[in-house]
Amino acid sequence: MQILAKIENAFTWIFFSAGIAISLYSVFMRYVMGSSQSWATEIYTMLLVWAIFIGFSTALRDDKHIAIDMVYDKAGPTYKKIANIVTLLVGLAFSVFIIWTGMEMVLAAYSQQIKTIDVGFPIWINYLIMPIAGTLLFIRFIEKAHRFFVRKEDATSEVDHKWQQ
């Protein structure tokens, strides 16, 4: 899991940094040099979307997703356990949904040979992030389920889970 975390972090950083760099280049070229770069919008949009979708998994891994803790913190242990189980089940189902629909999108775009307008880049490659992100989320929800059911850790504890393995 530590290797997966390093890969996620590296790709998120690379995609985000490259996307921001291309975006800044595009703004500079448009407003300073007076030359619009139409290809840049397609590229930086794709890079930022990939960074954000991989970031979903890293946020889940590091317990950084938005949560409403007021009710949860005041609830008893039974409610907390039920809430954790429901959260894990919904998360796993959502992950499977993202994988499934993402693969349908990839296969449809691949079979139709759809390409982006300005660059002519195969759109199915852009869509690959959906099943990849869904798979990463699925892995992280399985990891959380393992910590909750096997290790008996509270899924919302403030303990730093830098994967104590």
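Our subject in this report is the structure included herewith. (Residues numbered from 1 in each chain as written. Predicted model: local features only at pLDDT ≥ 70, side-chain atom pairs only at ≥ 80, totals over all residues. Heavy atoms only, no water.)

**What to know about the overall build of the chain**
Within the chain one finds six helices and zero strands. Along the chain, from the amino end to the carboxyl end, the secondary structure elements read α-α-α-α-α-α. On C-alpha atoms alone, the chain measures out to a radius of gyration of 20 Å, which is more than a quarter above the 15 Å that the 2.2 N^0.38 rule sets for 165 residues. Each principal axis of the C-alpha distribution contributes one length, and for the chain these read about 60 × 40 × 30 Å. Counted over contacts in the chain with a minimum sequence separation of 6, partners at least 24 positions apart contribute 69%. Accessible surface, the chain as shown: approximately 10600 Å² in total, 71% of it carbon and sulfur. (Helix = DSSP H or I, 4+ residues; strand = E, 2+ residues; numbered from the N terminus. Rg over C-alpha atoms; globule rule 2.2 N^0.38 Å. Contact = heavy atoms within 4.5 Å. Areas by Shrake-Rupley, 256 points an atom, 1.4 Å probe, with all protein chains shown as cover.)

**Some thoughts on helix α2 (residues 38-61)**
Compared with an ideal rise of 1.5 Å per residue, which puts 24 residues at 34 Å, α2 spans 36 Å between its outermost C-alpha atoms and is within 8% of the ideal. Two residues or fewer past α2, aspartate 63 is found with a positive phi of approximately 55°. (Expected span 1.5 Å × (residues − 1).)

**As for the side chain of threonine 58**
Mapped onto the fold, threonine 58 is located in helix α2. Ignoring sequence-local partners within four residues, the contact set of threonine 58 consists of Glu8, Asn9 and Thr12.

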